[in-house]
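# Reading the structure
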Amino acid sequence: MLSGNLLTSAPKVPLWFGCITLFPELFQALRYGVIGRALEQQMLHVETMNPRQFAKDNYQRVDDYPYGGGAGMVMMAEPLCDAIDALKESAPSTPHVIYLSPQGRVFDQVAALELMQKQSLILIAGRYEGIDERVLDTVDAEWSVGNFVLSGGEIAALLMIDVMARLLPGVVGDASSVATDSITSGLLKYPQYTRPEVLNDRRVPSMLLSGHHQEIAKWRLKQALGRTWLKKPELLAKRQLTQSETELLAEFISENNARKKD
Ligand code: SAM
């Protein structure tokens, strides 16, 4: 259950990821923005392992036809298991091994904090029709990034690394910005504005220009409660509202004559 801000349980040590992939170049995408800085500052370590280097033939083949026939190719077990063993050797602590799969538990912000506690994680990105079932014997968990099918697990791995890295203390410069993020705080983030003050007759709410920090914080909390009630009421159901939060939400509903969309 979500209780207030989820961030309190984020570990304060570097996170280590070992990613098994046929396309290690795709992980260069992590080199940008706050995640890139976290890599440079060694708050986060990501290494890739290509199962092709453990292929048993001269053609570096890592996929083969499925027994029993059927469409597509299946990733062979041996190169994957060898890649897992090689990454286990270089992990700083016993890694938790994850196969990224549409058949897994669906990843979310709560899961991110749960998985971060493991500190060392191996992520297996499948390709083709998936992997030989016997690899799952050496896997601790299967995780999905949503109820759809990607052409490979790399985007799922990148997504999970990004979400977890962002939660590490110090990765996002201003910790309060992560603490008030949608979901992390247990609520959706309040509306935000930047210049210009007036855009096509639409003004920034006057409260935000008032300079009254306490009143602004109260307004933001009211908006966060209100839009959570409107857009993701299931988050409110998981949260025990304080007396003042209940009052602010009631104010939001009556001031906005708010009605939930279908
Ligand atoms: N035939 C497989 C099935 O129906 O379960 C799907 C294979 S998919 C085309 C290739 C790879 O993409 C999978 O092995 C998995 O690693 C990854 N993948 C696809 N969808 C995913 C999802 N929703 N979450 C995580 N990984 C996914």
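Note that the structure is a prediction, hence the values are computed from the model and not measured. (Residues numbered from 1 in each chain as written. Predicted model: local features only at pLDDT ≥ 70, side-chain atom pairs only at ≥ 80, totals over all residues. Heavy atoms only, no water.)

Quick look at the overall build of the chain now. Helix and strand counts for the chain come out as eight helices and nine strands. The principal-axis extents of the C-alpha atoms in the chain amount to approximately 70 × 40 × 40 Å. Taking all 262 residues of the chain together, 43% fall into the buried category. Of all intrachain contacts in the chain linking residues separated by at least 6 positions in sequence, the fraction that spans at least 24 positions is 75%. Considering the chain, the positive charge centre built from 27 side chains and the negative charge centre built from 31 side chains are found 10 Å apart. (Helix = DSSP H or I, 4+ residues; strand = E, 2+ residues; numbered from the N terminus. Buried < 20%, exposed > 50% of the residue type's maximum accessible area, 1.4 Å probe, protein only. Contact = heavy atoms within 4.5 Å. Lys, Arg positive; Asp, Glu negative; His and termini not counted. Charge placed at Lys NZ, Arg CZ, Asp CG, Glu CD.)

A few words on the packing of helix α6 (residues 213-231) against helix α8 (residues 243-255). Between α6 and α8, the least distance of the axes is 9 Å, while the angle of their chain directions is 70°. Accordingly, the angle class assigned to the pair α6 and α8 is roughly perpendicular. Counted together, K218, L221, K222, Q223, L225, G226, R227, W229 and L230 of α6 and E245, L248, L249, E251, F252, I253 and E255 of α8 form the full contact between these two elements. Of the residues that constitute the contact of α6 with α8, the class distribution is eight nonpolar, two polar and six charged. (Axes fitted to C-alpha atoms, helices over the stretch in contact; angles between N-to-C directions. Parallel < 35°, antiparallel > 145°, perpendicular 65-115°, else oblique. Nonpolar A, V, L, I, M, F, W, Y, C, P; charged D, E, K, R; others polar.)

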